[in-house]
Amino acid sequence: MSIGGKPLLYSYWRSSCSWRVRIALNLKEIPYDIKPISLIKGGGEQHCNDYREVNPMEQVPSLQIDGHTIVESLNIMHYLEETRPQRSLMPSDVYKRAKVREICEVIQSGIQPLQNLVVLIYVGEEKKKEWAQHWINRGLRAVEKLLTTCAGKYCVGDDITLADCCLIPQVFNARRFHVDLRPFPIILRIDRELENHPAFRAAHPSCQPDCPPEAK
């Protein structure tokens, strides 16, 4: 835990998984400190012995909270939802809750792992952009189709949910890899709705303490 007992988030500025958790913490108005973990410095600080003790998967984010260390972004967000139900990020309706989990799973299982740093390094410099575009397009087509059945102002109805916390960082990654987002009008509309929301804005990579000056 950080000084003063605030939750401590091990985070990397451009990690979409870390970004999801930052959004959720901000939406729930939970004060927290950040411990930056560079995924590139010295071959990646996530691989050092000290951090391996925090997260055996050698990934970010990890959250130290309530005397515990919790890993995996969706797991962290569900813990926050269950322990701090105020400003809920899950609908009360059972079907809508299922739709939230559905969208989260497509993004966190079907898109993000296939275009993250460790996979792109393995794929190689020449093919990494084509590879990332293929899997992001495939996943966003599925998300767009799912949104036709459940979207309101946001991903599921008119209240912000965990699905929105997952979607916005993935849209950022799509743009980073120059994916054409015009075939996904619902996704683009939700992104516009949330781009200036204070909780999302504060969680943006450019606002993080470890964001390099040239990226701000």
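Residues numbered from 1 in each chain as written. Predicted model: local features only at pLDDT ≥ 70, side-chain atom pairs only at ≥ 80, totals over all residues. Heavy atoms only, no water.

### Focus on the UniProt feature "domain: GST N-terminal" (unreviewed entry) in the protein
UniProt's entry tags residues 5–88 with the feature "domain: GST N-terminal" (unreviewed entry), counted in the numbering of this structure. Structurally, residues 5–88 is divided into 35% helix and 19% strand, and its ends, taken at the C-alpha atoms, are 23 Å apart. (UniProt positions renumbered as here; feature names shortened; annotations may be inferred. Helix = DSSP H or I, 4+ residues; strand = E, 2+ residues; numbered from the N terminus.)

### Considerations on the UniProt feature "domain: GST C-terminal" (unreviewed entry) in the protein
Those places that UniProt annotates as "domain: GST C-terminal" (unreviewed entry) correspond, in this numbering, to residues 93–213. Structurally, residues 93–213 is divided into 64% helix and 0% strand, and its ends, taken at the C-alpha atoms, are 44 Å apart.

### Regarding the pairing of strand S3 (residues 62–65)
What you see with S3 is no split at all: Ser62 and Gln64 on one side and Leu63 and Ile65 on the other are buried throughout. Here S3 runs beside strand S4 (residues 68–71); their pairing, made up of four bridges, is antiparallel. Residue pairing across strands places Ile65 opposite His68, the latter belonging to S4. As consecutive antiparallel partners, S3 and S4 are separated by two residues, and within that stretch Asp66 has a phi angle of approximately 55 degrees, a positive value. (Buried < 20%, exposed > 50% of the residue type's maximum accessible area, 1.4 Å probe, protein only. Pairing = 2+ DSSP bridges.)

### Description of the sheet that holds strand S2 (residues 33–36)
Within the open sheet, the four strands sit side by side as S2-S1-S3-S4. Their pairing is mixed. Each edge of the open sheet is held by one strand with a lone partner, namely S2 and S4. Averaged over all neighbouring strand pairs, the angle between strand axes comes to 20 degrees, with direction disregarded. Packing against the sheet, helix H1 (residues 16–27) makes contact with strand S1 (8–11), S2 and S3, and its axis sits at approximately 150 degrees to S1. Its contacts with the sheet put helix H3 (residues 73–83) on S3 and S4, and the angle it makes with S4 is roughly 130 degrees. (Axes fitted to C-alpha atoms, helices over the stretch in contact; angles between N-to-C directions. Contact = heavy atoms within 4.5 Å.)

### Digging into the nonpolar core
With 56 residues, the main nonpolar core has Ile103 and Leu147 as its most contacted residues. Secondary-structure elements contributing two or more residues to this core are H1, S3, H3, helix H4 (94–110), helix H6 (128–150), helix H7 (162–176), helix H8 (185–194) and helix H9 (198–203). No other element matches H7, which puts eight residues into this core. Counting residues in each nonpolar core, the second largest holds 10 residues, with Tyr12, Leu39, Val54 and Cys211 among its members. (Core = buried A, V, L, I, M, F, W, Y, C linked by side-chain atoms within 4.5 Å.)

### Quick look at the environment of Ser62
With respect to the helices, strands and loops of the structure, Ser62 is situated in strand S3. For Ser62, a relative accessible area of 0% gives the class buried. Each C-alpha atom of the pair Ser62 and Ile121 lies 22 Å from the other, and the pair is 59 residues apart in sequence. Other than its neighbours up to four places away in sequence, Ser62 contacts Leu8, Leu9, Tyr10, Tyr51, Val54, Asn55, Ile70, Val71 and Ile76.

### Things to note about the pairing of S1
With burial as the criterion, each face of S1 is covered, one bearing Leu8 and Tyr10 and the other bearing Leu9 and Ser11. Here four bridges tie S1 to S2, and the two strands are oriented parallel to one another. What sits directly across from Leu9, in S2, is Ile34. With H1 bridging S1 and the parallel S2, this β-α-β connection has right-handed handedness. The pairing of S1 with S3 spans three bridges and is antiparallel. Bridged to Leu9 within S3 is Leu63. (Right-handed = clockwise from strand over helix to strand, strands pointing away.)

### Focus: the side chain of His204
Within the secondary structure, His204 sits in the segment after H9. By relative accessible area, His204 is classed as buried at 19%.

### What about the packing of H6 against H7?
Closest axis-to-axis distance for the H6/H7 pair is 11 Å, and the angle between their directions is 140 degrees. Crossing angle aside, the handedness with which H6 passes H7 is left-handed. Across the interface between the two elements, Ile136, Leu140 and Val143 from H6 touch Leu167, Gln170, Asn173 and Ala174 from H7. Here the contact of H6 with H7 is built from residues that sort into five nonpolar, two polar and no charged. (Left-handed = near helix turned anticlockwise from the far one by under 90°. Nonpolar A, V, L, I, M, F, W, Y, C, P; charged D, E, K, R; others polar.)

### What about the environment of His68?
Relative to the helices and strands, His68 is located in strand S4. Owing to a relative accessible area of 45%, His68 belongs among the partly exposed residues under this scheme. As for His68 and Arg101, which are separated by 33 residues in sequence, their C-alpha atoms are 24 Å apart. In this structure His68 touches Leu63 and Tyr79, once residues within four positions along its chain are discounted.

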